[in-house]
Amino acid sequence: MVTLTIDHHQIEVSEGITILEAAKQNHINIPHLCYLKDINEIGACRICMVEVEGKDKLVTSCNTQVQEGMVLYTNSPKVRETRRMNVELLLSQHDCECAYCSRSGNCSLQTIANDLGITSLNYEKDVTYTPWNKAFPLQRESNKCIKCMRCIQICDKVQNLNVWDVCSTGSRTTVNVSLNRKIEEADCSLCGQCITHCPVNGLHTRDDTEIVFDALNDPDKICIAQIAPAVRAAWGESVGLSRDQATVGKMACALRRMGVDYVFDTDFGADLTIMEEASEFIERLKRADSNEMPMFTSCCPGWVRFLKSQYPDMISHLSTSKSPHQMFGAIIKTYVAEKLGVDPDKIFVMSIMPCVAKKHECDIPNINDAGAGKDVDVVITTREFVRMLRAEHVAIETLCDEPLDQPVSHASGAGVIFGATGGVMEAALRSAYYFVTGNNPDADMFESVRGMEGCKAQSFIINGQRLSCAVVSGLGNTRKLIEAICKGDVHYDFVEVMACPGGCSGGGGQPIHDGKEMAAVRANALYQLDKHEAIRHSHENPDIQKLYQEYLEHPLSEKAEKLLHTDHFGWDMPSQKN
């Protein structure tokens, strides 16, 4: 242990940790912008500077280790002056158009500048504007980039895609797409982790809220919203509601106040995905074709983009099942439209998702099979939904729990846990066990696939047959697993992959809490919901059973194949076009 003094407080901390971590452990706040523990500890922003008694020069607290007897000052006149100067220099290259910035009120640079009392600049403004494709789901504004390098490090070290890099030199140094490419030429997975780890608004998602508002105000449109599992565990964070208070029922109430005609739960689509994916897995097991096994889940479009660009020879291993919201979109514009007695061409489907990649997914031409335009007309993120609430002046404290709409209002706990890493695997195994044995397993029989570890492997015996399964989240972890599979070092029958670390609960479209990873907390909320659901197996959902009886006949039927499955070879990533 090391004893030191910070701001006149004597503390004892573990040897080898940084000054910043020591201060944090003792509830002493040292402002910083570029620091991400174990990922970006380069001291680039110079905001975390502290004064060490007996030394002339200030030191960066994020990468300076504590030493026995250190006496530190985190906010001395010398520190404040230097910190203020560094922030003003950053602001001189930042457009500071906070009034119409989507991160206003949740921007680390804005917070630090306000805390320092900066009301004017002593430096000449020199802001760089670089053109960007406004149609691309991921947006970059060079005029807001502070060169903290977080996006580079997240993409390199965590996601292993190397989309971003430093370009130019000297005062012109900035961050842009690597290898002098345009973003649409890069093999970006659209996971959005660079967005959620950006301390400002240099990176953000394309805003599609005006498309939704236009549809809501069109008297000829029937507006239908579907809510993803992970969204319910996160939307309340931005509006002051606890996870117990931020229910799907309150979301339904809010959406109806905004003018949405029908509100459905994507958990129903998740149950439908399980029916098809579990059935597909059983069929593949029977064939035991090495070109199809292991079977990879396909409900994460960021992962699908990754596989298509990095390992195109393994596309055949993907399940052909569409993602839950795309399946549901197709069912809404066919079966549900028929049940409601409405023209499917008048239906406008919006999906509220924790994901950036789903904005691309709904635009894939060969994914639309209902015959009424796009199966899902628009995807908005959790953050966009919250902005719409504010734009519509919805009084959060007056929201009450309202039921979801018929004819597809039921969902199982298995559908809920789709939002957590391991959830798709667990839900699929619950139903696969039933399809093979005719009996329901205990709903928690496969809970060993849960957890935030980057890669988990488990084996289960179902009806005398051993199944080897793996669950992986984060694309860096995914690359390691696929390389091991390709080399023959490991063998699996079924693999669940989520592009975002922790799964959809940590998705790129979720609320941003700078410096905090929220996936585990949100996932735990989803598991609690599953635990208290009356129905915990997808195949027991009465609305799913009715859908098959009245419309689809059975899993993998001709109609199910047409509406609920897709051809992953039917479109290309940039690297596949070269």
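Just above sits the structure.
Below or above, wherever it landed, is the structure these notes cover. (Residues numbered from 1 in each chain as written. Predicted model: local features only at pLDDT ≥ 70, side-chain atom pairs only at ≥ 80, totals over all residues. Heavy atoms only, no water.)

1. Here's the deal with the side chain of S473
In this fold, S473 is placed in strand β16 (residues 465-473). In this structure, S473 is in contact with T421, E453, G454, M498, C500, P501, G502 and G503, ignoring residues within four places of it in sequence. (Helix = DSSP H or I, 4+ residues; strand = E, 2+ residues; numbered from the N terminus. Contact = heavy atoms within 4.5 Å.)

2. Topic: the pattern of salt bridges
The full count for this structure, using the stated rule, is 31 salt bridges. The partner of R450 in a salt bridge is E426, and the shortest N-O contact between them spans 2.8 Å. Taken together, the residues R450 in the loop between α14 (423-437) and β15 (455-462) and E426 in helix α14 connect sequence positions 24 residues apart. We note a salt bridge from R450 to E447, for which the minimum N-O separation is 3.8 Å. (Salt bridge = Lys/Arg side-chain N within 4 Å of Asp/Glu carboxyl O.)

3. Re the sheet that holds β16
Spatially, 4 strands are ordered β12-β17-β16-β15 in an open sheet, and the strand pairing comes out mixed. Edge strands, defined here as strands with exactly one partner in the open sheet, are β12 (295-296) and β15. Here β12 pairs with strand β17 (residues 494-498) via 2 bridges, running parallel. Pairing of F296 across the sheet is with V495, part of β17. In this fold helix α15 (residues 475-487) packs onto β12, β15, β16 and β17, with an angle of close to 145 degrees to the strand it touches most, β16. (Pairing = 2+ DSSP bridges. Axes fitted to C-alpha atoms, helices over the stretch in contact; angles between N-to-C directions.)

4. So, helix α12 (residues 382-391)
Burial analysis of α12 places 7 of its 10 residues in the buried class, which makes it a mostly covered element. Of the residues making up α12, those classed as buried are T382, R383, E384, F385, V386, M388 and L389. H393 sits one or two positions beyond α12 and adopts a positive phi of about 55 degrees. (Buried < 20%, exposed > 50% of the residue type's maximum accessible area, 1.4 Å probe, protein only.)

5. Quick look at the layout of surface pockets
Quantified by volume, the largest pocket comes out at close to 1300 Å³. Along the walls of the largest pocket sit 49 residues, with H513, D514, G515, K516 and E517 positioned nearest its centre. Elements with a contribution of two residues or more to the lining of the largest pocket: α1 (19-25), α2 (77-92), α3 (108-115), α4 (150-158), α5 (193-196) and α16 (519-531). Grouping the constituent residues of the lining of the largest pocket by class yields 19 nonpolar, 19 polar and 11 charged. When its volume is computed, the second largest pocket comes out at roughly 570 Å³. Lining the second largest pocket we find 30 residues, and of these S102, R103, S104, R383 and R387 sit closest to its centre. When contributions to the lining of the second largest pocket are tallied by element, the ones reaching two or more residues are β9 (203-205) and α12. (1 Å grid on protein atoms, 1.4 Å probe; cavity = no way out; pocket = protein on both sides within 12 Å on 5 of 7 lines; lining within 4 Å. Points joined across faces, edges and corners; volume = space filled by probe spheres on them. Nonpolar A, V, L, I, M, F, W, Y, C, P; charged D, E, K, R; others polar.)

6. A closer look at the side chain of D265
Inspection of the secondary structure puts D265 in strand β11 (residues 262-265). The exposure class assigned to D265 is buried, which follows from its relative accessible area of 7%. Reaching out from D265, the side chain makes a polar contact with the backbone nitrogen of D267 at a distance of 2.9 Å. (Polar contact = N/O pair within 3.5 Å; in protein donor to acceptor, adjacent residues only side chain to side chain.)

7. A closer look at the packing of aromatic side chains
As enumerated under the stated definition, the model contains 13 aromatic pairs in all. Each ring, one from W132 and one from W164, has its centre 6.1 Å from the other, and the planes form 20 degrees; the classification is stacked. With a gap of 32 residues between them, W132 in the loop between α3 and β6 (138-140) and W164 in strand β7 (residues 164-167) connect regions that are remote in the sequence. When sorted by exposure, W132 lands in the same class as W164, which is buried. For the ring pair F264 and F328, a centre distance of 5.7 Å and an interplane angle of 35 degrees mean the geometry is tilted. Of the two residues, F264 sits in strand β11 while F328 sits in helix α10 (residues 324-340), which places them 64 residues apart along the sequence. For F264, a relative accessible area of 0% translates into the label buried. A relative accessible area of 0% means that F328 is categorised as buried. (Phe/Tyr/Trp six-rings, centres within 6.5 Å; stacked < 30°, edge-to-face > 60°.)

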